[in-house]
Amino acid sequence: MRFRPALRQLTTMASPAREPERIAALDGVRGVAILLVLVMHGLYIGPFVEHAFLLSGYARVACLGWCGVDVFFVLSGFLITGILVRSKGGPGYFRNFYARRTLRIFPLYYLVVALVLFVLPRPGLAPGADVLPTSGDVAHLLYYQNWWFALERADVAFPLKITWSLAIEEQFYLLWPALVALVSTRALRAVCVAVILAAIALRFWLLDQGFVNTHFLTPCRLDALALGALLAVTPSPRAWLGYAATAAGVVGLLTTAFVGGESIPESVVQQRWGLLAALSLGGGLLILARQPTALQPLFRFSPLRSLGKYSYCIYLTHMLVIEALVACLRAMGPQRLAALSQTLSPLGVVIAFTLAAVCCSWLLAFVSYHAFERWFLGLKRHFPAGQ
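Just so it is clear, the structure is predicted and the values come from calculations on it, not from any experiment.

Parameters and conventions
- Residues numbered from 1 in each chain as written.
- Predicted model: local features only at pLDDT ≥ 70, side-chain atom pairs only at ≥ 80, totals over all residues.
- Heavy atoms only, no water.
- Helix = DSSP H or I, 4+ residues; strand = E, 2+ residues; numbered from the N terminus.
- Buried < 20%, exposed > 50% of the residue type's maximum accessible area, 1.4 Å probe, protein only.
- Contact = heavy atoms within 4.5 Å.
- Axes fitted to C-alpha atoms, helices over the stretch in contact; angles between N-to-C directions.
- Parallel < 35°, antiparallel > 145°, perpendicular 65-115°, else oblique.
- Left-handed = near helix turned anticlockwise from the far one by under 90°.
- Nonpolar A, V, L, I, M, F, W, Y, C, P; charged D, E, K, R; others polar.
- Polar contact = N/O pair within 3.5 Å; in protein donor to acceptor, adjacent residues only side chain to side chain.
- pLDDT = per-residue confidence, 0-100.
- Phe/Tyr/Trp six-rings, centres within 6.5 Å; stacked < 30°, edge-to-face > 60°.
- Expected span 1.5 Å × (residues − 1).
- Salt bridge = Lys/Arg side-chain N within 4 Å of Asp/Glu carboxyl O.
- Bend = angle between axes of the 7 residues up to and from the residue.
- Disulfide = S-S within 2.5 Å.

Visitor: If you had to explain the side chain of Q270 to someone new, which residues and values would you point to?
Guide: Along the chain, the position of Q270 falls in helix α12 (residues 268–289). Looking at Q270, the relative accessible area reads 1%, which means it is buried.

Visitor: I'd like a description of the environment of R189, backed by residues and values.
Guide: Relative to the elements of secondary structure, R189 occurs in helix α9 (residues 185–208). The exposure class of R189 is partly exposed, given its relative accessible area of 32%. The spatial distance from the C-alpha of R189 to the C-alpha of V233 is 6.8 Å, given a sequence separation of 44 residues. Contacts of R189, omitting those with residues within four sequence positions, involve L230, V233 and T234.

Visitor: Outline the packing of helix α4 (residues 67–87) against helix α8 (residues 164–182), supporting the account with residue identities and numerical values.
Guide: Geometrically, a packed helix pair is captured by the angle between its two axes and the distance between the axes. α8 packs onto α4 with a crossing angle of 25 degrees between their chain directions and a minimal axis gap of 11 Å. Looking at the two axes, α4 sits roughly parallel to α8. For the pair α4 and α8, the sense of crossing is right-handed. For the pair α4 and α8, the contacting residues are V69, F72, F73, S76, G77, I80, T81, L84 and V85 in the first and W164, S165, I168, E169, F172, Y173, W176, P177 and V180 in the second. Here the residues of the contact of α4 with α8 sort into 13 nonpolar, four polar and one charged.

Visitor: Describe the side chain of Q171, naming the residues involved and giving the relevant values.
Guide: With respect to the helices and strands, Q171 occurs in helix α8. On the basis of relative accessible area, Q171 is assigned to the buried category, the value being 15%. Among the polar contacts made by the side chain of Q171, one reaches the main-chain carbonyl oxygen of Y143 at a distance of 2.9 Å. Among the polar contacts listed, one links the side chain of Q171 to the side chain of N146, at a separation of 2.9 Å. Sequence-distant contacts of Q171, that is, excluding residues within four places in its chain, are made with Y143, Y144, N146, W147 and T218.

Visitor: Outline the confidence of the model for the chain, supporting the account with residue identities and numerical values.
Guide: Averaged over every residue, the pLDDT of the chain is 88; the share at 70 or more is 89%. Within the chain, helix α1 (residues 4–14) has the poorest average pLDDT of any element, 38, and helix α10 (residues 218–232) the best, 98. Note that residues 1–21 has pLDDT below 50 and, in this model, six contacts with residues that lie over four places away or in other chains. Low confidence marks residues 124–130, where pLDDT is under 50. Its contacts with residues over four positions away, or in another chain, come to one contact.

Visitor: I'd like a rundown of the packing of aromatic side chains, residues and numbers included.
Guide: The geometry of an aromatic ring pair is captured by the separation of the ring centres together with the interplanar angle, meaning the angle of the planes. Tallied over the entire structure, the rule returns 22 aromatic pairs. A ring pair is formed by Y310 and W362, whose centres lie 6.2 Å apart and whose planes are at 75 degrees; its orientation type is edge-to-face. Here W362 lies in helix α17 (residues 346–378) and Y310 lies in the loop between α14 (302–309) and α15 (311–332), a separation of 52 residues in the sequence. When the centroid spacing of 5.3 Å and the interplanar angle of 70 degrees are considered together, the rings of Y310 and Y369 count as edge-to-face. Of the two residues, Y310 is situated in the loop between α14 and α15 and Y369 in helix α17; the sequence distance between them amounts to 59 residues. Its relative accessible area of 17% is what places Y369 among the buried residues. Among the aromatic residues, ring-to-ring pairing joins F97, Y98, F172, Y173 and W176 into one connected group.

Visitor: Describe the packing of helix α7 (residues 145–152) against α8, with residues and values.
Guide: As a packed pair, α7 and α8 sit with axes 7 Å apart at the nearest point and diverge in direction by 120 degrees. In terms of orientation, α7 and α8 fall into the oblique class. On the side of α7, the interface is formed by Q145, N146, W147 and F149, while α8 contributes W164, A167, I168 and Q171.

Visitor: Account for helix α2 (residues 24–41), naming residues and giving values.
Guide: Over its 18 residues, α2 runs 27 Å from end to end, which matches the ideal 26 Å to within 8%, given 1.5 Å per residue. For α2, the tally of buried residues reaches 15 of 18 residues, placing the bulk of the element in the interior.

Visitor: Pulling in residues and values, what's your account of the pattern of salt bridges?
Guide: Pairing between side chains of opposite charge can happen when their charged atoms approach one another. Within the structure shown, the criterion is met by five salt bridges. Of the charged contacts, one joins R30 and D27 as a salt bridge, the two residues approaching to 2.6 Å between their closest N and O atoms. You can see R30 and its partner D27 sitting in helix α2, three residues apart, about one turn around the helix. In this structure R30 comes out as buried when scored by relative accessible area, which is 17%. Between R221 and D70 there is a salt bridge whose closest N-O contact spans 2.8 Å. One end of the pair, R221, is in helix α10; the other, D70, is in helix α4, with 151 residues separating them in the sequence. Each member of the pair, R221 together with D70, is buried.

Visitor: Can you tell me about α17, naming the residues and giving the values?
Guide: Compared with the 48 Å implied by 1.5 Å per residue over 33 residues, the 45 Å span of α17 between its first and last C-alpha is a close match. Largest kink in α17: about 50 degrees, centred on Y369. Taken residue by residue, α17 has V349, V350, F353, T354, A357, V358, S361, A365, S368, Y369, E373 and L377 as its buried positions. Each element contacted by the buried residues of α17 is listed here: α2, α3 (57–63), α5 (93–119), α14 and α15.

Visitor: Quick rundown of the state of the cysteines? Include the residues and the values.
Guide: A full pass over the atoms with the stated rule returns zero disulfides. With no disulfide partner, C360 has as its closest neighbouring cysteine sulfur the one in C359, 6.8 Å distant. Note on C360: relative accessible area 35%, which makes it partly exposed.

So, in structure tokens, the structure goes:
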């Protein structure tokens, strides 16, 4: 009996490091992030409501939903860096990381991109017409569409407008594992701080030079990813800092919308000041999710966590869902649309449309996860993380 504790300790030391348990609250943060994005894109019903509504307080606040992307960036930096630090020095460090990322991201991404670019009809093209790959198609296939958006300023198929953020994350994944492998944890903290400051400084400098697409450029968006990485390699800050950062982010975003005058992410005021507020919001929510705070019930709220669990597919496909819902509205005809507008206020129409988009996007993501993605995710067992 007396030897059992020692035997248990020896067995634990000899066994491979286990993958850390999923932090349930982080799914809630993902749920918040994807909900913010869906609320913003619910405004695409704009042509079916009074134009004055698009200038209302609700529309201004809803347009701030782009900050959900920054929350995703902070989470990605945190989770990816944590995995890399735990795996550092172990066998298959690069192989396991890139294999797991490939299995998680590529199957669904390339399925959706292929459908949009080569299968679904494109506006302005006759059915059955030959479609030759364009520079934009190549950019999407090789994950550099964010640079294409920023430098070419070209239009893109509506359902793929949101994929620029996925390209930024993929480019981050290319460089960050090597950096984590090369430097110590202490040096990594210094690197994170330097990247945060450099990204902010570069945004301001480019905007001063008249370049107004900084929100698409990878070097200009690394501050959120680096902040998440910094939180992964430092002791979890106290809850009061999370509350302060979250409050500062919310107040900052609302101030840019109502005092600065514009909410859309393409505006200079949002690229200059809104991104700083979104950075604070993302960091604050991550800190609070890791602490036993009063917000834990929110982060652990089952519907919100479910949205978070399926957030990748929801994010990637929700524009297709919105496009389909808008097509259904157009098919109703002007008389039925007029009757609908008399039944519901413009705000009611937008909220109903947004709820429909949320529910349909979740349902599609649920089916995708269990019928398609799960098969690829099961292969990750051959490439253990954190070892």
